[in-house]
Amino acid sequence: MTGDRFENSPLLTDLAFPYRFMSAGKDSHECLFLLHGSGVDESTLVPLARRIAPGAKLVAARGRIPQEDGFRWFERISPTRFEQQSILVETAAFAAFASEAAKRHGLDLDQTTFLGYSNGANLVSSLMLLHPGIVRRAVLLRPMPVLDQVPATDLARTRTLIIAGATDETYGPFAPALVTLLSRHGAEIDARIIASGHEIGDPDAAIVRQWLAGSADVA
């Protein structure tokens, strides 16, 4: 997607989260919800998403918690500890937002991929565990578990790709715990570790693109 096309996608502010809706102009049922990392905004994952799925419709959402010059999805206590009430409130709000945005734009959430990076990935995993049924396919880039208390959720119909960075010293050590947690709740997990730190780029895009092609074959 070119910069001009992104700028021509207005920021919509009448639902719970500000967001931009982008279509590649093709009659495609493929859709990605994009949840950015901390301290940035909804624009940052769009180039990666276009490398992954050039023809997909994109819902690029913006977190509601200000951080520096950007935003995040819920409050943090430290880099690896998070304010639990904030997680509960923001996750519930996003569950409603996802359903409302899907209805508005004619999207099928069962055929939608929720792609989150870092803090955005943590919001997606919380959404899976706290509001089952919204997310059926998730891509979690550089995630970690964030919930202190996890309900008895059945994720048997949820397919999840987790990509951790081998040299990600902050989040990387926690990725195996998230794999175990989601697996115990029944999710189908594909876990990868790549030669990267916390940053994301072309190796992630290649893995996600291949994984989504396999997901389509399964569907």
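Residues numbered from 1 in each chain as written. Predicted model: local features only at pLDDT ≥ 70, side-chain atom pairs only at ≥ 80, totals over all residues. Heavy atoms only, no water.

**With respect to helix H3 (residues 84-105)**
Phase 1 of the analysis: The end-to-end C-alpha distance of H3 is 31 Å, a good match for the 32 Å that 22 residues give at a rise of 1.5 Å each.
Phase 2 of the analysis: Regarding H3, the residues found buried are Gln84, Ser86, Ile87, Glu90, Thr91, Ala93, Phe94, Ala95, Phe97, Ala98, Ala101 and Ala102.
Phase 3 of the analysis: Capping the start of H3 is the job of one residue whose side-chain oxygen sits 3.1 Å from the backbone nitrogen of Gln85: Glu83.
Phase 4 of the analysis: Following H3 by one or two positions, Gly106 adopts a phi angle in the positive range, close to 65 degrees. (Helix = DSSP H or I, 4+ residues; strand = E, 2+ residues; numbered from the N terminus. Expected span 1.5 Å × (residues − 1). Buried < 20%, exposed > 50% of the residue type's maximum accessible area, 1.4 Å probe, protein only. Polar contact = N/O pair within 3.5 Å; in protein donor to acceptor, adjacent residues only side chain to side chain.)

**Focus on the nonpolar core**
Phase 1 of the analysis: Counting residues in each nonpolar core, the largest one holds 42 residues, and the members touching the most others are Phe33, Phe94, Phe97, Phe114 and Leu182.
Phase 2 of the analysis: Listed by contribution, the elements that provide at least two residues to this core are strand E2 (31-35), strand E3 (57-61), H3, helix H4 (119-130), strand E9 (137-141) and helix H5 (175-184).
Phase 3 of the analysis: In terms of residue count, H3 provides more of this core than any other element does, eight residues in total.
Phase 4 of the analysis: Residues contacting Leu182, with those up to four places away along its chain left out, are Met128, Leu129, Leu140, Leu155, Thr160, Ile162, Ala187 and Ile189.
Phase 5 of the analysis: In this structure, Val139, Ile194, Ile207 and Leu212 belong to the second largest nonpolar core, which totals 24 residues. (Core = buried A, V, L, I, M, F, W, Y, C linked by side-chain atoms within 4.5 Å. Contact = heavy atoms within 4.5 Å.)

**Let's talk about the sheet that holds E9**
One key point about sheets: their strands pair by backbone hydrogen bonds, in either a parallel or an antiparallel sense.
Phase 1 of the analysis: Strand order in the open sheet made by the seven strands is E1-E3-E2-E8-E9-E10-E11, with mixed pairing throughout. Both edges of this open sheet fall to strand E1 (19-22) and strand E11 (188-194), since each of them pairs with a single strand only. On average, each strand axis in the sheet is tilted by 15 degrees relative to the strand beside it, whichever way the strands run.
Phase 2 of the analysis: As judged from the four bridges shared by strand E8 (residues 112-117) and E9, these two strands associate in the parallel manner. In the sheet register, Gly116 faces E9, and the bridge partner there is Leu140.
Phase 3 of the analysis: Contacts between H3 and the sheet are confined to E1, E2, E3 and E8, with E2 contributing the most and set at about 145 degrees to the helix.
Phase 4 of the analysis: Its contacts with the sheet place H4 against E2, E8, E9 and strand E10 (159-165), and it is angled at close to 135 degrees to E8. (Pairing = 2+ DSSP bridges. Axes fitted to C-alpha atoms, helices over the stretch in contact; angles between N-to-C directions.)

As far as function goes, none of this settles anything; it's purely spatial.
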